[in-house]
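Here is how the chains run, residue by residue.
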Amino acid sequence: MKRRITAPRETLAELREDFSLCGKCKLCQGVMAQQCDDPRFWRNCPSGTRFRYEAYYAPGKLEMARCLDLVEIEPDEMMQHAVYTCMLCGSCDDRCYPVKQLHPLWVLQLLREQAVADEWAPLDYFSEMLSNLEKTDNPYGVPAGKRVAWEKGMDIKNALEEKVEWLLFVGDDYSSFTSLTPRIKAVAKVLQAAGVDFGTLGSAEVSSGSAALLIGDRDFFENFADANISLFEQAGVTKIVTADCHAYAAIKDEYTKAADLEVKSFAEVAAQLIKDGALKPSKEVKVKAVYHDPCRLGRREGIFDEPRAVLEAIPGLELLEFERARKNALCCGGGGSVFFWEPEFALWVTKERLFEAEHVGAEAIVTACPICVRLFEDGIKETKSKLKVYDLAEILDKAL
Amino acid sequence: MAKSRIREELRARRVVHRPLVMEKDPDHNRVENLGKALDALKEALGEEWASDAPSVLCGYARDQSFTPASYPHIVCLPASTEDVQAVYRIANEHLIDVMPFGTGLTTAGLALPPYGGIICDLRRMEQILEIDGENMWATIQPGVNYLFFQAAAQQVGCRVLNPSTSATAGVISNHLFCNINTMSSKYGFGMDNILDVEAVLPTGEILKTGAMSYGAAKGAVAGPGPDISCLFRYAFGTYGIVTKMTVRLYPEAPFHQQIFPALEEDRLDLFAEALYEVAQDNLSLELAHLMNSFYGIFMGDNNKEASKVAELMPRHNMVTIFGGETEEEADLKADLTQRMIEEKFPMFDFLPKEALLDMTEDYDFIDMDKWVKFFNVTVRVQRVRGSFMIGALIDKLDNMVGIEKTMRTACTNQVGTTDDALPPDDASTYLQPYHMGRSAYMEYDMYTNQADKDDLLRILMGYGRATATAMSQGMIIAAGGGALIKGVVPMMDLAMQAAQPNMVQFMDALTKMKMALDPNNISNRRWEYDTGCMKKVFL
């Protein structure tokens, strides 16, 4: 019998208190009030900012959940659009929970799961991604053999063939896009430079399932979680490091319910290696760089200081901050799998973030998420901006 | 579209909240006209900016109050004054009601459409059109909220008066609805700081008041002529939609100092006297009496933390914040005030900033700089979840002393909806002198769970009792709308009759103006033209 990764499964109705007790104070629409110094950057809900109806902000979606629960309304096309253009960035959750102890993000995720269960999710828009996952175990349709192309020329152990201390979980994006190849190579080079004993699952690694989970298809997600956990067990590893923060969140928040795993993001590991003296960035990288907090790594997992510690250790690098930084960070546009359905809207959000980077005087954006890197690169092409984009590992590797 | 797999029996007994039909005006909001109005709105505003999808409508059917759901038929989002004119033109043509929606943050169902119709969501009109730091005024649109506006004002060395509400509340709608400031009522309330407005009347005509009417220099006085900006105060859209407003700003003090006079003994009379003395000295920037629980609400980031602070603090606390161009100026003002209180009120304890820091050193959530910024820069956050109802009254400080306890008992607030809610005994009011005088503003808040009928009823009765107590003793309801809405609770109607015998003539006058400005009675249609009464908002 297949193991249940998320047992007992939560359902939308269990969050009745959250969606019924929303006071509609609208604090969730903006950044933390006491940390807003520039009025240009007060907004923080991507879908609400673009589409403007209450339905596109968290209170409107909580109200939808309530009305579905009360059987006041039936799902309609606007509901589909509102639910699936939410980037699940968690900004609303971060504003609401400290004040009201409500979790809008949980409701939003479970609304999508309810949509899939009740068959009103707009899965047609995600059919290519779902079909790719079915055929190739990868949301972008890259076959297993090609997903290890980045390892060519590098001496990387296969954790299924020899015992390693750490498993490097590569993730969907790094293994699928050639533009990201130098970045994942940099991750491996940094770990090698520090003498970390690590390996990968090679072509056996399948998607973390994060893309399926984001659109609410938890059953499908569990297939991937099950497959990966079996591989972890087969390799005998319990310590996992990944630079893909969507995979990181999926493994840390979901897989660990069914398996005893120690999961670290690359940023955490790199910061610790620098602190321990195992890594000594010595080459100067002269650039004014602003760090973009990926939603999954920052707000979701609370990793704000470690990537900054890495950047502060790089000689010559002048670290800047966005107006909306840390818990106030704006999504890059790549959250919630929205770009599969509404790529123009995703790009609109990316451009807003690029504008903000230029506004604070940055020459480069550094981030720690492959989806953010991709979106920023697309945005730069579109806007012809002179900004450069670096993955955290990439810029650290330059300094070694 | 696939049907959701909802249990059939539940579907069979579903209760769909649809707008009431007003028997006296059966021609309003007729089904056959709604489709035509929607098409016309889409043509005027753009396809994207009008919708009748139930999933969109449901977001406008409830608010923070415990008013039952009331769905609009259509929601539209105009982007300009011309768009708002188009909305009214279409609404008149098809006899559809219009309800303005600033940011939708109300505690009394005021932006809910009682009979459906069109919700006019004004959040696309969100520009600060002009801001003048030297002369301290700004002209804004109705979608501008305090979070945005405060940050913009600070960039020109000014600040906006902070209302006792969320940072994301609309500035124009709050100014029109009194705008009771958290602690700056020495400058009056928000409604005292309106310089001029541009409004679209229900007929679609544009009315400009004050300096805006003839393009004069702003910031001096509200003229020329009778100031009809007042027509829109407390009107909740019944006379039209305000599309621009010029409001006063105040200087932002770069340096702050604070003192904390306190009294453990339950002697509100002494405290009222001390408040008056400090207000009269006019050295403080912010001044309020806070009971320990309110202190907790302001200082803690959540209810658990609020309870810890409440236990720590004396029963009565005076929050006194001073501002200055230099640190020395702020310190001097604080020192002078402290000496005055020590001399005249020797029974007061004094909690200097350092002592407060010592007392709270174990609580890492208490950040004194944040605390000052909280009052001066940002606004109060709303802490307790669930429905919220505010009671706000103005009277002489001396009268309040007698009434406060009775009211507090009657309206026992902060009703626990969760384990970590403040205990009911910590429920409290706060007082602040109004305009440096002996009059003061008192607020009492009630929180309840919309999903709990018993809790709702208890709170509603408590609110009615508290308000009736206050009004029967001659207090003024600061939130003026309450006085005009008959049928909130029967006791309140009785209290209105007892306390304000001239209400009938007043309502007649308002109705005549309403009939002149809105012949089809489409704009926030709560008035009945034949009885001259506003329809009850809920129950």
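These numbers come from a predicted model, not from an experiment. Per chain, the residues get numbers from 1 upward, laid out in the order the sequence is written. Here chains are named by letter from A upward and ligands by number from 1 upward, in the order in which they appear as written. Owing to the predicted nature of the model, reporting of local features is limited to residues with pLDDT of at least 70; listing and counting of side-chain atom pairs is limited to 80 or more, with chain, interface and lining totals taken over all residues.

This part covers the domain arrangement of chain A. Residues and elements named next belong to chain A. Start and end points for every domain follow an automatic or database-based domain assignment. According to the domain assignment, chain A contains domain 1 (12–121), domain 2 (143–271) and domain 3 (279–399). Domain 1 and domain 2 are separated by 31 Å when their C-alpha centres are compared. Remark: residues whose backbone-derived C-beta atoms lie within 7 Å of one another are considered to be in contact. On the side of domain 2, 5 residues touch domain 1, which itself brings 6 residues to the contact. Here the residues of the side of domain 1 that touches domain 2 sort into 4 nonpolar, no polar and 2 charged. Any residue that is not Ala, Val, Leu, Ile, Met, Phe, Trp, Tyr, Cys, Pro, Asp, Glu, Lys or Arg is counted as polar, Gly included; the first ten are nonpolar and the last four charged.

All names here are of chain A. Located in the positive-phi region is lysine 24, a residue other than glycine, with phi close to 55°. The secondary structure listing takes helices from DSSP runs of H or I that are at least 4 residues long and strands from runs of E that are at least 2 residues long, numbered from the N terminus. In this fold, lysine 24 is placed in the loop between helix H1 (16–20) and helix H2 (46–51). On the basis of neighbour count, lysine 24 is assigned to the buried category, with 28 C-beta atoms found within 10 Å. Residues other than glycine seldom take positive phi values, yet serine 337 does so here, at roughly 60°. Neighbour density around each residue's C-beta defines its exposure: 20 or more other C-beta atoms within 10 Å make it buried, 12 or fewer make it exposed, and counts between make it partly exposed, where C-beta atoms are placed from the backbone. Judged by C-beta crowding, with 25 C-beta atoms within 10 Å, serine 337 ranks as buried.

The domain architecture assigned to chain B consists of domain 1 (16–121), domain 2 (128–251), domain 3 (255–376) and domain 4 (387–499). Computed over C-alpha atoms, the centres of domain 1 of chain B and domain 3 of chain B are 45 Å apart.

Residues and elements named next belong to chain A. In this analysis, strands are considered paired if DSSP registers two or more bridges between them. In space, the 5 strands of this open sheet follow the order E1-E3-E2-E4-E5, with parallel pairing throughout. With partners counted over all chains shown, the strands left at the sheet margins are strand E1 (157–158) and strand E5 (262–265), one partner each. Both E1 and strand E3 (residues 198–200) contribute to a ladder of 2 bridges, which runs parallel. From the neighbouring strand, lysine 157 faces E3, where its bridge partner is glycine 199. Axis geometry follows a simple rule: fit a line to the C-alpha atoms, using only the stretch in contact for helices, then measure angles between N-to-C directions, giving values from 0 to 180 degrees. Packing against the sheet, helix H14 (residues 266–276) makes contact with strand E4 (239–242) and E5, and its axis sits at approximately 80° to E5.

Residue and element names in this part refer to chain B. The strand order across the open sheet formed by 5 strands is E5-E6-E10-E8-E9, and the pairing between neighbours is antiparallel. At either margin of the open sheet sits one strand with a lone partner, and together these are strand E5 (128–132) and strand E9 (206–208). When strand polarity is set aside, the average angle formed by the axes of neighbouring strands in this sheet is 10°. The pairing of strand E6 (residues 137–140) with strand E10 (residues 241–248) spans 4 bridges and is antiparallel. For tryptophan 137, the partnering residue across the bridge sits in E10 and is arginine 248. Contacts from helix H4 (residues 81–94) reach strand E8 (194–200), E9 and E10, with the element oriented near 50° to E8.

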